Amino acid sequence: MDKDLQAGKAVSPKLSDQQLENGNPNVNQKEEGTNGAGRVHNFLLRLWNHLFDFFMLFLAVFCGFMADNWREQLSEHQLEKTYISSIIEDLKSDTLESGKVIERLKSMHAGIDSVLAELKTSDILENSNMLYKTWTRNLGLEVFVSNDRTMQQLKNNGELRLIRNRKVSDRIMLYDQALKKYSTQSNMMYNALTNVTYYSQLFDFVKLNKYPGVPVPITEQGKKSINQAYSQLDLWNRALVGLI
């Protein structure tokens, strides 16, 4: 029995040495479990860091976009107010100037009515002095020029969209169309005026200016063109009403 015990003692150390060399299975399993849990933890930690970095980057880009959008809207609203104020000043200027032009056109219209009345009398055949003075005083055409600086900026720069109020935007476009129509009609009137030749055919300008107090008859050529002069001047005067 002692021998067996001695033998057991002898065998036991050998088994312990072998276990030490090959590793204890229970210890290895524990170490593998610990290493696996650590790797999962590290993986989740890295994943969280990546997600957090992505979220912060997204948040920074989003906030930057919102800030730019807010600044752009604020700038557009301020620009809209600037344009509205500028248009109001232009309208004030146009109202004042157009009032002067209309008064001048009304006076011219009345003067041409007087010229037409003189052309219908037979007295001008021997005395054209009054007709000459009245017609000369009402020659030309008063042209209204709009202060359209703001209007041109709105149209050329495509910034009419900044006017958010649809009714205001429509009114601005209607005013622009009215100005175009007026300008077209004024140009036609002016071109028609430059083509009027009857004025120069009717009068003897040298005698009228040299002897202002002496009755001067209309020219022989003028006597033949009185009817045409009246007709053309009457049409021009009717068109003038459209500008008043």
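All of these numbers come straight from a predicted model, not from anything done at the bench. (Residues numbered from 1 in each chain as written. Predicted model: local features only at pLDDT ≥ 70, side-chain atom pairs only at ≥ 80, totals over all residues. Heavy atoms only, no water.)

Enquirer: Any chance you could explain the overall build of the protein chain here in plain terms?
Expert: Check the secondary structure of the protein chain and you find nine helices and zero strands. Counting all 244 residues of the protein chain, 23% fall into the buried class. The long-range fraction of contacts in the protein chain, counting pairs at least 24 apart against all pairs at least 6 apart in sequence, stands at 82%. Of the roughly 17500 Å² of accessible surface on the protein chain, a fraction of 58% belongs to carbon and sulfur atoms. (Helix = DSSP H or I, 4+ residues; strand = E, 2+ residues; numbered from the N terminus. Buried < 20%, exposed > 50% of the residue type's maximum accessible area, 1.4 Å probe, protein only. Contact = heavy atoms within 4.5 Å. Areas by Shrake-Rupley, 256 points an atom, 1.4 Å probe, with all protein chains shown as cover.)

Enquirer: What should I look at first to understand the pattern of salt bridges in this one?
Expert: A side chain of one charge can pair with a side chain of the opposite charge when the charged atoms of the two come close. Taken as a whole and assessed by the stated rule, the structure comprises six salt bridges. The shortest N-O distance in the salt bridge between Lys92 and Glu89 comes to 3.8 Å. With Lys92 and Glu89 both in helix α2 (residues 25–119) and three residues apart, this pair spans about one turn of that helix. The exposure class of Lys92 is exposed, given its relative accessible area of 51%. The partner of Arg166 in a salt bridge is Asp170, with the nearest N and O atoms 3.4 Å apart. One end of the pair, Arg166, and the other, Asp170, are both in helix α5 (residues 166–194), four residues apart, so they sit about a helical turn from each other. (Salt bridge = Lys/Arg side-chain N within 4 Å of Asp/Glu carboxyl O.)

Enquirer: Looking at this structure, I do not really get the environment of Lys133. What am I missing?
Expert: Tracing the sequence through the fold places Lys133 in helix α3 (residues 129–137). Note: C-alpha distance between Lys133 and Leu208 (75 residues apart in sequence) is 9.5 Å.

Enquirer: I tried to follow the side chain of Ser146 on my own but got confused; where do I start?
Expert: Secondary-structure assignment places Ser146 in the loop between α3 and α4 (149–156). The exposure class of Ser146 is buried, given its relative accessible area of 17%.

Enquirer: Before we go on, may I ask you to explain the packing of aromatic side chains in this structure?
Expert: Describing an aromatic ring pair means giving the distance of the ring centres and the angle of the ring planes. Across all of its chains, the model carries seven aromatic pairs by this definition. Between Tyr132 and Phe203, the aromatic rings sit 5.4 Å apart at their centres with planes inclined by 65°, giving edge-to-face as the arrangement. Of this pair, Tyr132 sits in helix α3 while Phe203 is found in the loop between α6 (198–202) and α7 (205–210), placing the two residues 71 residues apart along the sequence. Residue classification places Tyr132 among the buried residues on the basis of a relative accessible area of 14%. Owing to a relative accessible area of 3%, Phe203 belongs among the buried residues under this scheme. Between Phe203 and Phe205 the ring centres are 6.0 Å apart and the planes differ by 70°, which places this aromatic pair in the edge-to-face class. Given a relative accessible area of 26%, Phe205 falls into the partly exposed group. (Phe/Tyr/Trp six-rings, centres within 6.5 Å; stacked < 30°, edge-to-face > 60°.)

Enquirer: Looking at this model, I keep getting lost on the environment of Asn227. Mind explaining?
Expert: Take Asn227: it is sitting in helix α9 (residues 226–241). Residue classification places Asn227 among the exposed positions, given a relative accessible area of 60%. Put simply, Asn227 and Lys120 are 107 residues apart on the chain and 8.9 Å apart in space, counted from C-alpha to C-alpha.

Enquirer: Would you mind going over the nonpolar core with me for this structure?
Expert: Most often, soluble globular proteins keep nonpolar side chains buried together rather than apart. Counting residues in each nonpolar core, the largest one holds 28 residues, and the members touching the most others are Trp135, Phe203 and Leu240. Of all elements in the fold, only α2, α3, α5, α6 and α9 reach the threshold of two or more residues within this core. Among the elements that line this core, the one with the most residues is α2, at seven residues. With residues near it in sequence (within four places) discarded, Trp135 still touches Val115, Tyr199, Leu202, Phe203, Ala229 and Leu233. Core analysis: the second largest hydrophobic core is formed by seven residues, Tyr83, Met151, Leu154 and Ile172 among them. (Core = buried A, V, L, I, M, F, W, Y, C linked by side-chain atoms within 4.5 Å.)

Enquirer: Even after reading the chapter, I still don't get α4, so can you show me in this structure?
Expert: For an α-helix, 3.6 residues make a turn, and residues three or four places apart therefore share a direction. Residues of α4 that are buried: Thr150, Met151 and Leu154. Along α4, the residues classed as buried sweep out an arc of 100° about the axis, all on the same side. (Arc of directions from axis to C-beta.)

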